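Spelled out, the chains give:
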Amino acid sequence: MRIGIITGSGTYALPDFADAQAVEVDTEFGPATLTEGRFAGAEVLHVSRHLPGHRRLSHQVTHQANIAALRDRGAQAIIAVTVCGAVDPELPLGSLVVFDDLHFLANRLPDGSICTLHTEPGRPGRGHWIFESPFSAPLRAALLAGAAEAGRTARDGGCYGHVDGPRFNTKAEIRGLAACGVTAVSQTAGPETVLAGEAGIPFALLGYATDYANGVQDVATPVEELIRLIGASPDAFAAVLAAAVPRVRPADLEPVGTHFRFD
């Protein structure tokens with residue numbers, strides 16, 4: 001099977017990625033750059049959201065093209081990782097979260113358009129994605145087992161809050177997200193979750209807490225600590241992914257939820 005892996009800030013390449021080859025994929029939403037190769041014994045399609053050197057900030061990430069490219073190149077599952085700001089004060093910095101819920105009320109892409117693959121009226125396959133949980137249970141289980149094998153602390157469950165960048169949030173905004181039960185926030189994974197769901201590709205999201213969001217603690221996380229933890233995140237992600245990917249079995253995977261389609 002082919003597994004898509006999406007990485008973000010701090011992780012621009014996968015370690016021990018054998019036979020890696022960059023591929024430019026033309027999609028209906030524009031071009032996307034993938035790196036194809038073998039990782040942890042599996043065929044992997046890697047997307048670096050921000051591109052090497054962090055060329056693209058969060059509001060410049062081409063979510064539709066990235067997911068369409070993974071779909072078109074045959075990804076049967078997608079695992080995404082993100083560094084994030086903890087909204088829950090009990091989430092230790094440097095720990096991992098395997099999210100099981102999503103807060104993404106705006107449901108919009110960085111350019112302000114609606115976050116969807118269904119952009120053309122009358123197009124076959126258009127419809128509504130209906131789900132109880134947006135994340136794949138078998139992929140979540142693989143990540144949790146992978147974290148345990150790698151000796152990394154990972155919380156089982158949590159609500160991912162998507163926020164628009166590139167700025168960080170005010171204290172008032174974070175208080176509102178906390179009241180909604182959000183565990184941690186970042187600026188890219190909301191659209192990926194929705195678009196993978198519409199594409200019918202099982203998706204899971206792994207977070208790494210690098211700071212406490214604005215106002216969560218009486219004293220703000222120093223920028224130096226944020227930078228240090230972002231620098232430590234690639235090793236944590238790589239260890240968990242290397243242990244989780246071999247646990248992904250095609251027979252366990254199916255699209256999350258159902259689709260009310262109009263053909």
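Residues numbered from 1 in each chain as written. Predicted model: local features only at pLDDT ≥ 70, side-chain atom pairs only at ≥ 80, totals over all residues. Heavy atoms only, no water.

Participant: Before we go on, may I ask you to explain the overall build of the chain in this structure?
Facilitator: Along the backbone of the chain there are five helices and 13 strands. Computed over its C-alpha atoms, the radius of gyration of the chain comes to 17 Å, within 12% of the 18 Å expected for a compact globule of 263 residues. C-alpha atoms of the chain, sized along the principal axes, occupy 55 × 40 × 35 Å. In the form shown here, the chain has an accessible surface area of approximately 11,700 Å², with 51% of it arising from carbon and sulfur atoms. (Helix = DSSP H or I, 4+ residues; strand = E, 2+ residues; numbered from the N terminus. Rg over C-alpha atoms; globule rule 2.2 N^0.38 Å. Areas by Shrake-Rupley, 256 points an atom, 1.4 Å probe, with all protein chains shown as cover.)

Participant: What is the right way to look at the pattern of salt bridges in this model?
Facilitator: Counted by the stated rule, this structure contains 13 salt bridges. With a shortest N-O distance of 2.7 Å, Arg-73 and Glu-36 are connected by a salt bridge. One end of the pair, Arg-73, is in the loop between helix H1 (63–72) and strand E5 (77–86); the other, Glu-36, is in strand E3 (residues 30–39), and 37 residues separate them in sequence. With a closest N to O distance of 2.9 Å, Asp-72 and Arg-71 form a salt bridge. Residues participating in the shared-partner salt-bridge network are Arg-2, Glu-36, Glu-43 and Arg-73. (Salt bridge = Lys/Arg side-chain N within 4 Å of Asp/Glu carboxyl O.)

Participant: Would you mind going over the environment of Pro-110 with me for this structure?
Facilitator: Considering the arrangement of structural elements, one finds Pro-110 in the loop between strand E7 (101–103) and strand E8 (126–130). Given a relative accessible area of 38%, Pro-110 falls into the partly exposed group. Residues Pro-110 and Asn-169, 59 residues apart in the sequence, show an inter-C-alpha distance of 16 Å. (Buried < 20%, exposed > 50% of the residue type's maximum accessible area, 1.4 Å probe, protein only.)

Participant: In this structure, what is going on with the nonpolar core? I would like to understand it.
Facilitator: Soluble globular proteins tend to bury their nonpolar side chains together. Core analysis: the largest hydrophobic core is formed by 45 residues, its most contacted members being Ile-6, Leu-70, Ile-78, Phe-99, Phe-203 and Leu-205. If near-sequence neighbours (up to four positions away) are discounted, Ile-6 is found in contact with Val-47, Arg-49, Ile-67, Leu-70, Ile-78, Ile-79, Ala-80, Val-81 and Glu-192. Counting 29 residues, the second-largest nonpolar core is a separate cluster that includes Phe-17, Ala-42, Val-240 and Val-248. (Core = buried A, V, L, I, M, F, W, Y, C linked by side-chain atoms within 4.5 Å. Contact = heavy atoms within 4.5 Å.)

Participant: I tried to follow empty space enclosed by the protein on my own but got confused; where do I start?
Facilitator: Rolled over the atoms, a probe sized like a water molecule indicates the empty space that remains. Per the stated rule, a full pass over the model turns up one cavity of 30 Å³ or more. In this structure, the largest cavity is lined by Thr-33, Val-47, Ser-48, Arg-49, Leu-51, Arg-56 and Asn-66. In terms of residue class, the lining of the largest cavity is made up of two nonpolar, three polar and two charged. (1 Å grid on protein atoms, 1.4 Å probe; cavity = no way out; pocket = protein on both sides within 12 Å on 5 of 7 lines; lining within 4 Å. Points joined across faces, edges and corners; volume = space filled by probe spheres on them. Nonpolar A, V, L, I, M, F, W, Y, C, P; charged D, E, K, R; others polar.)

Participant: Help me understand the pairing of E3, please; the structure alone is not making it clear to me.
Facilitator: It is a general feature of regular strands that their side chains alternate between the two faces of the sheet. Sheet topology places strand E2 (residues 18–27) next to E3; eight bridges connect them, and they run antiparallel. Directly across from Asp-26, in E3, lies its bridge partner Pro-31. Where E2 hands over to E3, the hairpin turn is made up of two residues, counted between the paired strands. Where E3 lies against strand E4 (residues 42–48), five bridges are found, and the strand directions are antiparallel. Counted as the bridge partner of Gly-37 is Val-44 from E4. Hairpin connection of E3 to E4: two residues between the antiparallel strands, including Ala-40 at a positive phi of 55 degrees. (Pairing = 2+ DSSP bridges.)

Purely geometric stuff here, so don't read any function into it on its own.
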